Each structure stands twice: as C-alpha cells, then as structure tokens.
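Fold and geometry: a report
The primary structure of each chain is shown beneath.
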Amino acid sequence: RRLSIVRMTSSMNSARIISRLGTGKVTAFSTLLTAAALLGFSFSGSFWFMCLMAIPLGLGAGCVDSALNNYVSIHYNATVMSFLHCFYGVGVMVSPYIMSVVINSAVGWRGGYRTASLIQALIGSILLLALPLWKKAHGEESIQAEKKMKVLPISQTLRIPGALMTCLLFLTFCEIEVICGGWSATYMVEAKHMPANLAARATMYFYLGMALGRFLSGVAAKKLTPWQIIFISMGILGVSQMTLLVSGNNVLTMAALLMTGLGVGPLYPNFNYMTPLHFGKDVSQSVMGMQMTFASIGTIAAPALCGVLGQLLGMGIFPAYLMIFYVLTAVGIIALRRTLRQVGRLQQ
C-alpha cells in the first residue's frame, strides 16, 4: 500500500520532473532507483526498513510509467504502445517463476530480490549508455518540446474537458486488472473448491490473456483505430464477465479468466495512446501523470475492498464485484466520448 501511495505521488509530479530532465534520463535513473530499492529489500531485517525501501521503488516505478507512456504515444504508433504493455504481461508471468526458482535454492528470498535488482540494474545501465540515442531518434526538437511542455497543477489538469472522465476510466478498468491478479486464485479455492496448486494457474491464465490481448491489439492496430479495438475489447470483457457470473464449471471459469485478461489488456495501452490526441501534446504529460495516479488509487482501493467484502459475504461475490467495474467502465466510455465529441476532440 505504501508503494502505491509513493508511486501515486511520483505520477502526479511526473510532468514537472520530465520537463526538467527529459524522458531518457528519467527512464534510466528511475530504473536504477528501483534496482537500488530491490537490493535494499534483500538486506532488510525489519518490516519498517522494507517500508522505507518502498519509497524509492514507488518513486521510480511511478515516474517511468508516466514518462514512457507519454513518449511512446507522441512519437510512435498504437502498435508500439500495445507491444510495450504486452511485455509487461510477459514480465508479470515470468518474474514469479524466476523468484520461485531462486527462493527454493540456498540463497532464499533475499537472493530472489538480489536477482531482481541485478536484472533492473542491467537494464538501467543499458538505458544510461543509450541516452545519446534519444536525441538521434527524434532530434533535438523533441527534447526541446519536452522542456517547453505545460506543467499544469492537478486542479487545472482535471478541468480540461474529458480529463477527469478518462482518469476515472483508469480507476475502473485498472481495478479489474488488480482484482483478477490478486483475488482470482482465492476465489477458485474458496468459492469453487479447487486445489490450491490448480487455482494458482487461474492467475497465470489471466495474465496470459492480458499479454495476448495486448499483443493482438498491437497487430490489429495496423487495420483498426484505437476506439474500434476498445469496443471489441469491451465486448470480449462483457462476455467473460457474464460467463464468470453463471459458470458452474471450473474449466469454464478459468477460460473466463483468460478471456477477462484478453478483454481488459488492450484498454490500458489504447487509452494511453489517445491521450495526446484527445488533450493535446502540450498538456498530455500532465494528463498522463493523473491517469497513472488514478490507476495507482485503484491498486490501493480495489483489492482491499474486495478482501473486506469477501470476508463479510464470501468470495462468491468475486464475479459480481468485477461486473460492477465493467459496467462503470462502459458508462465511463460513453460519457467520455460524448464530452470529447462536444469539444471536437473525439478521435474516431
């Protein structure tokens, strides 16, 4: 929870930081900062020290997320954006496996964190050495544009027509992601009475679906617009949620979780990609930072509320809980499109 709060703070201030340092330096330094934090976790001897290390970890993760999303959305196409987030899904699937292998060895959990730190440090070092390439890739004018972009306060950012609505959308569909990632296995064990080792696969299937959805989104972006991909994704997501609600079969339930990942996966990269198109390149970094902030709010609130409701009512509420956020997402999309159409910013 502390990690999410720090990450949220970092996202809110990302526009100010990026305007001073540039995306290249922010990406490299943020990656090295997370590497240092993970190394700190490996030496931790108390809960409070781990909370302390969550501060640099959250600062690095929040800023780099906002920086890269805005940079890619301005300088590359929707295919690159979807592929960027597809590899997030790959990382989510692979990293627990790497950690489990290391934990079962002689070095234990501390070795797991050191391995993760080493990987991050290697990536950060490559990014640091590659800093001159940022200027070559898009020219000096791109760097100057970052320095001149508008850094808006939160209140002014959210007053931009449609900005608050898109931020709320990140709150709703990102909650679907974190709820499935955090509670699907518990649901399969407690409500479906599935053995724990098989239930753990449910989460893996969800993340597999999410990675696949983002990959297919990248492929489809060559033929379809972002909004068309979003509509298709919402259709798949709607079918998966209805299946979860009525399914009495474990195999069908796990297939529905995979479809949930397939449907929700393309939403994040496509809404990020349209941020400069809907709000303008000059303020897109401020809006992007708020989108990441609202996404972080979802990672704090959604799992906690699901856990509380699960204790009070039983984990059988899991499908209905997800359906609520699906409906809120659908309503939010309709409202956002209406507002953007009224101000002449809607991209078809």
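To start, this report covers the structure provided alongside it. A quick note: this is a predicted structure, and the numbers were derived from the prediction, not measured.

1. A few points about the packing of aromatic side chains
- As enumerated under the stated definition, the model contains 13 aromatic pairs in all.
- On the numbers, 5.6 Å between centres and 70° between planes, the contact of Phe170 with Tyr268 is edge-to-face. Of this pair, Phe170 sits in helix α9 (residues 163-190) while Tyr268 sits in helix α13 (residues 267-273), placing them 98 residues apart in sequence. Comparing Phe170 with Tyr268, the two get one shared label, buried.
- Note on Phe170 and Phe271: the rings are 6.5 Å apart at their centroids and 65° apart in plane angle, and the pair reads as edge-to-face. You can see Phe170 sitting in helix α9 and its partner Phe271 sitting in helix α13, a full 101 residues away along the chain. Taken as a pair, Phe170 and Phe271 share a single burial class, namely buried.
- When the ring centre of Phe43 is taken as origin, the NZ or CZ atom of Arg114, which lies over that ring, is 4.6 Å away.
- Above the ring of Trp227, the side-chain terminus of Arg337 is found at 4.8 Å from the ring centroid.

2. Re the environment of Phe215
- Within the secondary structure layout, Phe215 lies in helix α10 (residues 196-220).
- On the accessibility criterion, Phe215 (39% relative accessible area) is partly exposed.
- On a C-alpha basis, the gap between Phe215 and Leu328 in space is 25 Å, while along the polypeptide they are 113 residues apart.
- Setting aside residues up to four positions removed in sequence, Phe215 forms contacts with Phe83 and Cys86.

3. Here's the deal with the environment of Gly91
- Take Gly91: it is sitting in helix α5 (residues 78-103).
- Of the residues examined, Gly91 reaches a relative accessible area of 31% and is grouped as partly exposed.
- With 120 residues separating them along the chain, Gly91 and Ala211 place their C-alpha atoms 9.3 Å apart.

4. Considering the nonpolar core
- Counting 58 residues, the largest nonpolar core has Phe173 and Phe271 as the members making the most contacts within it.
- Of all elements in the fold, only α5, α9, α10, α11 (226-246), α12 (250-264), α13, α15 (284-313) and α16 (318-342) reach the threshold of two or more residues within this core.

5. Topic: the pattern of salt bridges
- In this structure the tally under the stated criterion is 1 salt bridge.
- Here Arg214 ties to Glu177 by a salt bridge, and the two come within 3.1 Å at their closest N and O atoms. With a gap of 37 residues between them, Arg214 in helix α10 and Glu177 in helix α9 connect regions that are remote in the sequence.
- The class of Arg214 is buried, set by a relative accessible area of 1%.

6. Comments concerning α10
- Helix length check: α10, at 25 residues, gives a terminal C-alpha distance of 36 Å against a target of 36 Å (1.5 Å per residue), a fit within 8%.
- Buried within α10 we find Ala199, Ala202, Thr203, Phe206, Tyr207, Gly209, Met210, Ala211, Gly213, Arg214, Ser217 and Gly218.

7. Some words on the packing of α9 against α12
- With their axes 10 Å apart at the nearest point, α9 and α12 run at an angle of 160° to one another. Classed by the angle they form, the pair α9 and α12 counts as roughly antiparallel. Note that α9 runs across α12; the crossing there is left-handed. Across from Phe173, Ile176, Glu177, Cys180, Ser184, Tyr187 and Met188 in α9, the residues of α12 making contact are Asn250, Thr253, Met254, Leu257, Thr260 and Val264.
- Classifying every residue of the contact of α9 with α12 by side-chain character gives 8 nonpolar, 4 polar and 1 charged.

8. A short note on a nonpolar patch on the surface
- The grouping of Phe87, Val90, Val94, Tyr97, Ile98, Val101, Ile119 and Ile123 at the surface amounts to a nonpolar patch, some 710 Å² of accessible area in total.
- Sorting elements by how many residues they give to the nonpolar patch places α5 first, with 6 residues.
- Residue position: Phe87 is located in helix α5.
- Among the residues examined, Phe87 registers a relative accessible area of 60% and is labelled exposed.

Parameters at a glance
- Residues numbered from 1 in each chain as written.
- Predicted model: local features only at pLDDT ≥ 70, side-chain atom pairs only at ≥ 80, totals over all residues.
- Heavy atoms only, no water.
- Phe/Tyr/Trp six-rings, centres within 6.5 Å; stacked < 30°, edge-to-face > 60°.
- Helix = DSSP H or I, 4+ residues; strand = E, 2+ residues; numbered from the N terminus.
- Buried < 20%, exposed > 50% of the residue type's maximum accessible area, 1.4 Å probe, protein only.
- Lys NZ or Arg CZ within 6 Å of the ring centre and 35° of its normal.
- Contact = heavy atoms within 4.5 Å.
- Core = buried A, V, L, I, M, F, W, Y, C linked by side-chain atoms within 4.5 Å.
- Salt bridge = Lys/Arg side-chain N within 4 Å of Asp/Glu carboxyl O.
- Expected span 1.5 Å × (residues − 1).
- Axes fitted to C-alpha atoms, helices over the stretch in contact; angles between N-to-C directions.
- Parallel < 35°, antiparallel > 145°, perpendicular 65-115°, else oblique.
- Left-handed = near helix turned anticlockwise from the far one by under 90°.
- Nonpolar A, V, L, I, M, F, W, Y, C, P; charged D, E, K, R; others polar.
- Patch = residues over 30% accessible without salt bridge, like charges linked within 9 Å, V, L, I, M, F, W, Y side chains within 5 Å.
- Areas by Shrake-Rupley, 256 points an atom, 1.4 Å probe, with all protein chains shown as cover.

Limitation: the analysis is restricted to geometry and does not speak to function.
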